Amino acid sequence: MSYLPCGQYFENYREDQKWWRTPFIKAKMVFMVLALVSFPALVDSQWLSVAYTINYYILAALGVQLLIGYCGQITLGHAAFVAVGAYCSAMMVLFIPWPQFMVDVGLAYPVSMITAGFAAGFWSVLFGLPSARVKGFYLIMTTMAAQWITVPLVITQYVSQIGGRGQAFSIPPGTIKIGPIAIDESSMLGSWEVSGDMKLYFFSLLLVGLCLVAMGNLLRSKIGRAWIAIRDNDIAAETMGVNIVGYKLLAFFVAGFFAGIAGSFYVSTLSFVSPEHYEWFYSLLWVGIILIGGVGSIQGLVFGSAFVVLVFKFLEMAVLGASDMLMESYPHLGWMTTKFIFFKESAFGLAIIFFLIYEPNGLSYRYWQLKNYFNLWPFSYTGK
Amino acid sequence: MKRILLVCFGIMLVFCSNAFSADEIKVGSINDLTGATSDVGKDAALGIREAFTYVNDSGGINGKRVKLILQDYGYRIPEAHTLYKRFRSQDKVNILLQWGTGDTEALSPTVNKDKMVTISDSLSGHLCDPAKTPYNFIYSTDYSTNARAALTAWYEEVWKKSDKWKKAREAGQKPKLACFYMFAAPYCSAPIKAIKDQAALLGIDVLKDQDVSLTALDAKSQVLGAKGEGANIIWHGNTTMSVATAVKDAYALQLEADHIMNNWGFDKNLVRMTGPAGEGVIGCASCAFLGDDVPYMDKVIEYTQKVNPAVSLEKRDIRTVQAWVKVSLACAGLQRADKAGKLDGPGIKASLESLRDWYPFDKENALGRPPTTITSTDHRPSPVSLLYTIKDGKITFFTKINMKEKFPDKWQSWLGW
Amino acid sequence: MDLFLQLAITGVMLGSIFALLALGWVLIYKCSGVLNLAMGELTLIGGYVCLAFYQRLVTAMPVTYAFILALIGTLIVGLILGLLTERIFLRKMIGEPILAVIMVTVGLSFFFKGMVFIIWDTDTQVFYPQVFPIEPLVIFGIAIGRVYLWSFIAALVLMVMFICFFKFTRWGLSMQACADDEMAALSLGVSAKFVYALAWGIAFMAAGVGGTLLGNINGLNYSVSSLGLLVLPVVVFGGLNSVPGAIVGGITIGLLQNLAGGYLDYYFPGGIKEIAPFIFMVIFLLFKPYGLWGWERIERV
């Protein structure tokens, strides 16, 4: 987010950490906002759903980035916290008898979203508690246990049994409302005659904006500096007087809070929530996203999410789109389309491996290089 | 990089330019080829493709060709949602064929709002109440009726007659029922309430349920649990693979109980996998088994060889026949709706609800399916349950029960269980 | 009491297979410091490879010979795959941060799982004709499945073989040396690269045997990989770098899992059997953060 013309130097820390350091950054931001707002006018609705999936991944991986990239606490169970948020939100909207006036003004969902954030945050702190005693691989194991305990046991076996037979919670169209506007994926209700996808797109954009700003602000405050100190060397941080247990737990709470918001948002894009939306695969996927995007970088989060979602989308279009043709013209190749899901999985696995081997700094590093190149352009020195 | 982009672009062009002809009826089908129920799902998917090929070969639907779009969803509810959105918005299908109970029930509110008629392989009784799910249809006797029928048949034919239970019977002991199923899978839990109700009706004690996963490779502790409580009869609510596991483990641990199972857990594969352990189990079936002597079976077998010659007939099973029943019901709905000129959701719904004593392809006893009657107040296709058993390593007909005739005063109240 | 004994015996026997897998895991960790999350998939591959051999061989010879030959074939294929995996994917990761290495193994697990299902499909596949007869062995009124008994014996024999390998062979000693002090081992002429490769080869072989035994119980499908994942609570319980810990841990977890399935299921219906080892692990970690016999690391700034 920085572009400094040659010869501009800051004199103190405050100036260096400012949001708007140069007019160019302001212009860039305005341009970006314009581009994002006009995006729906340029594409059809399936790309809008791709866009809000990217936004969902950004929100969900935000907590992972905070824990791994800024606080050094490795988590492989983040889908559990997202699931807690999603179920909390869905159940509040579906089962709590809201007073009529709150339904009318559409407060139920926003209230449930905040609650979901807190619920997921506290759930996350619960599984972060061992971080006071263990670290490294043992901590990874406890976060993995969070996944196993939350999703296949608590949510599948107990929560899902509420009001039925272990089925997904259907969310009838028109249930999720913010103010007077129903924002479900399939709804055209509400006072605005815009498609559900577009409402969801803007809603997700708003949430991502808010959360990224909140995260950015946290990171340039005292808390963020403490987290980074813990990441770099926790023992050194402790000798410097940082309360490492407190800050670690705070990191777990904030990460869980973002996960809760993400889960709560995702509910609005679905017709139902089921435990299968939160399998271990997603926990790993989000760690994969930050590795692909770049550990310890907020832009990296955006790049990683966009990369993963778009690659999956293109693979899907290529394979599923060609499936009819394959089936008809080359029946002996038909098996490829039926096993698409496994090709996708294998490809994702290889992608992670090769990123880690050949691009260990992630996409954000390339972005940084590119930016530096243009910083000094046309007199840039490429280094070779 | 450029080349990859070009290839992607080329592929996109190919499927964007798929010529759209007006005289085409589109059918979307969500199937499980790779997931937890793929043991029965693959055969069914092949059958659907073959049945539609037959429909097109024999003149289509009032002369219109059917275009089948069949996709795998791996028994994962989220994938079903993605596929449904695609079918609805991009492909604009006329009718939807679904597979699992979980996804069919989860999508039900959306489907009903979109007025999309769906016919599901999930025969869950919960989808049969038009007051709640007007656009959901099933093609065969529902799970709850099947479960009630199987338990009744066992009680009347085995418990009351066989030598095996003579001692217990004469000692005045009540039979004990244990249910083996995956708690978290809606398919498995769908008929549980009904079978327990039926047990109470017949005077059978109900033991603690045992959780057996759909992909279980080991059911020892569950079998031991049932053995400890002295179960006489076990209801298996899963699909073939895990039913086979449980039956084998019951045999290995010498559990002296009889087994009854739902229609997705009973087929040729079960016979092959259980061997001696499977002797005497009783299972529900939706229609005749592949190769039975009923009308249209020759067509089924002919098309298995014509469309999928690579899959040997040995590996095909009753699922193919079930798929033909499903497809023929879909086509019956489409045909009548098309004749009336209303090929949309409400039109197809109305035409399906006008079926009275209907047989597949309008031929009596075709595919061994009892007559189907669907009304606008009751979507249960039939009160008749077909029961088969394994005798000397062969699937043999056991009995046929009409639950409506047997319990005329209860039948209406069982709607939507 | 009868129920308890039956559950306990089955648990111990199943646990011996976990112990075998855990041995492979600990070996990799000791020698190269790699925390391997792909153990479940290695097990899966082993099981399917053996099945593929068995199905081809059984048409030509008696069941017993076919099975033994298939098992030997699995070991050879496992060794080759292990060497290849190490060479292609993991050698480049030496010295990288822990998360990166773990994520490489996660990537491997996705890759392997996808490949297994592309090649062998997702149906449950059984060893047919059955290797071990289905009729149980009744000892003092307790029915024990023959598969379990043979798995137990096979796992014990293999463990003894592994331990002898470490104690008495040149390669095994060089692995131990490398695990203890890599620098010293290097300066004495032990090739670390060779040791890493060998560790992966052996892990693949252990997983192959484990997968074969698990597959013989009732068949193979993707839930075998989640059984393989149980190796993680096992090694955490025993301590990451302790061979006896892996064996004790494996048997304990097998026992615990079966007892939980038998008794706790009544109070917490559904799924407790699969999750119990993980719950146990978290609670255990709070009291003994380094497992039973794991090395406690002293950290300095």
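Computed from a predicted model, the values in this text were never measured in an experiment.

Draft legend 1. Quick look at the overall build of chain C. Scanning chain C from terminus to terminus reveals twelve helices and two strands. For 301 residues, the compact-globule estimate of 2.2 N^0.38 gives 19 Å, and the C-alpha radius of gyration of chain C, at 19 Å, lies within 12% of that figure. Its C-alpha atoms give chain C principal-axis dimensions of roughly 60 × 50 × 35 Å. Within chain C, the proportion of its 301 residues that are buried is 56%.

Draft legend 2. Here's a closer look at helix H8 (residues 192-218) of chain C. Residue and element names in this part refer to chain C. Over its 27 residues, H8 extends 40 Å from the first C-alpha to the last, a length consistent with the 39 Å expected when each residue adds 1.5 Å. Within H8, 24 of the 27 residues are buried, leaving the element largely enclosed by the surrounding structure. Gly-219 sits one or two residues past H8 and shows a positive phi near 125 degrees.

Draft legend 3. Spatial organisation of the environment of Ile-228 of chain A. Residue and element names in this part refer to chain A. The residue Ile-228 is located in helix H9 (residues 222-232) in this model. Given 16 C-beta atoms within a 10 Å radius, Ile-228 is considered partly exposed. Placed twelve residues apart in sequence, Ile-228 and Gly-216 show a C-alpha to C-alpha distance of 13 Å.

Draft legend 4. Main features of the interface of chain A and chain C. Between chain A and chain C, the residue contacts involve 39 residues of the former and 35 residues of the latter. Elements represented by at least two residues in the side of chain A that touches chain C include exactly helix H7 (137-158), helix H10 (234-239), helix H12 (280-293) and helix H16 (340-358) of chain A. A total of twelve residues in the side of chain A that touches chain C trace back to one element, the largest contributor, which is H7 of chain A. Within the side of chain A that touches chain C, the residues separate by chemical class into 27 nonpolar, nine polar and three charged.

Draft legend 5. The pairing of strand E9 (residues 233-236) of chain B, seen in detail. Residue and element names in this part refer to chain B. Going residue by residue along E9, you find Ile-233 and Trp-235 tucked away on one face and Ile-234 and His-236 tucked away on the opposite face as well. Relative to E9, strand E6 (residues 176-181) runs parallel, the two being bridged by four bridges. By the bridge assignment for E9, Cys-179 is matched with Trp-235. In terms of strand pairing, E9 meets strand E10 (residues 258-261) through four bridges, oriented parallel.

Draft legend 6. Seen up close, the confidence of the model for chain A. Looking at chain A as a whole, the pLDDT averages 84, with 87% of positions reaching at least 70. Taken element by element, the predicted model of chain A shows its lowest mean pLDDT in helix H15 (residues 334-338) of chain A (65) and its highest in helix H11 (residues 244-269) of chain A (94).

Draft legend 7. Representation of the sheet that holds strand E1 (residues 24-31) of chain B within the structure. Residue and element names in this part refer to chain B. Strand order in the open sheet formed by five strands is E2-E1-E3-E4-E5, and the pairing between neighbours is parallel. Edge positions in the sheet fall to strand E2 (65-72) and strand E5 (136-138), since each of these pairs with one other strand and no more. Going across the sheet, the axis of each strand differs from the next one's by a mean of 25 degrees, ignoring polarity. Of the strand pairs in this sheet, E1 and E2 are connected by eight bridges, and their pairing is parallel.

Draft legend 8. Highlighting the environment of Leu-219 of chain A. Residues and elements named next belong to chain A. With respect to the helices and strands, Leu-219 occurs in helix H8 (residues 196-219). For Leu-219, a count of 17 C-beta atoms within 10 Å gives the class partly exposed. Not counting residues up to four positions away in its chain, the partners in contact with Leu-219 are Tyr-70 and Gly-224.

Draft legend 9. Molecular detail of the nonpolar core. In terms of nonpolar packing, the biggest core is built from 358 residues, with Leu-59 of chain A together with Ala-22, Ala-199, Ala-203 and Val-231 of chain C touching the most fellow members. With 17 residues, helix H1 (residues 2-32) of chain C is the largest single contributor of residues to this core. Sequence-distant contacts of Ala-199 of chain C, defined by excluding residues within four places in its chain, comprise Leu-27, Ile-28, Cys-31, Ser-32 and Met-175 of chain C.

Definitions and limits used
- Residues numbered from 1 in each chain as written.
- Chains lettered and ligands numbered in written order.
- Predicted model: local features only at pLDDT ≥ 70, side-chain atom pairs only at ≥ 80, totals over all residues.
- Helix = DSSP H or I, 4+ residues; strand = E, 2+ residues; numbered from the N terminus.
- Rg over C-alpha atoms; globule rule 2.2 N^0.38 Å.
- Buried ≥ 20, exposed ≤ 12 C-beta atoms within 10 Å, placed from the backbone.
- Expected span 1.5 Å × (residues − 1).
- Contact = placed C-beta atoms within 7 Å.
- Nonpolar A, V, L, I, M, F, W, Y, C, P; charged D, E, K, R; others polar.
- Pairing = 2+ DSSP bridges.
- pLDDT = per-residue confidence, 0-100.
- Axes fitted to C-alpha atoms, helices over the stretch in contact; angles between N-to-C directions.
- Core = buried A, V, L, I, M, F, W, Y, C linked by C-beta atoms within 7 Å.

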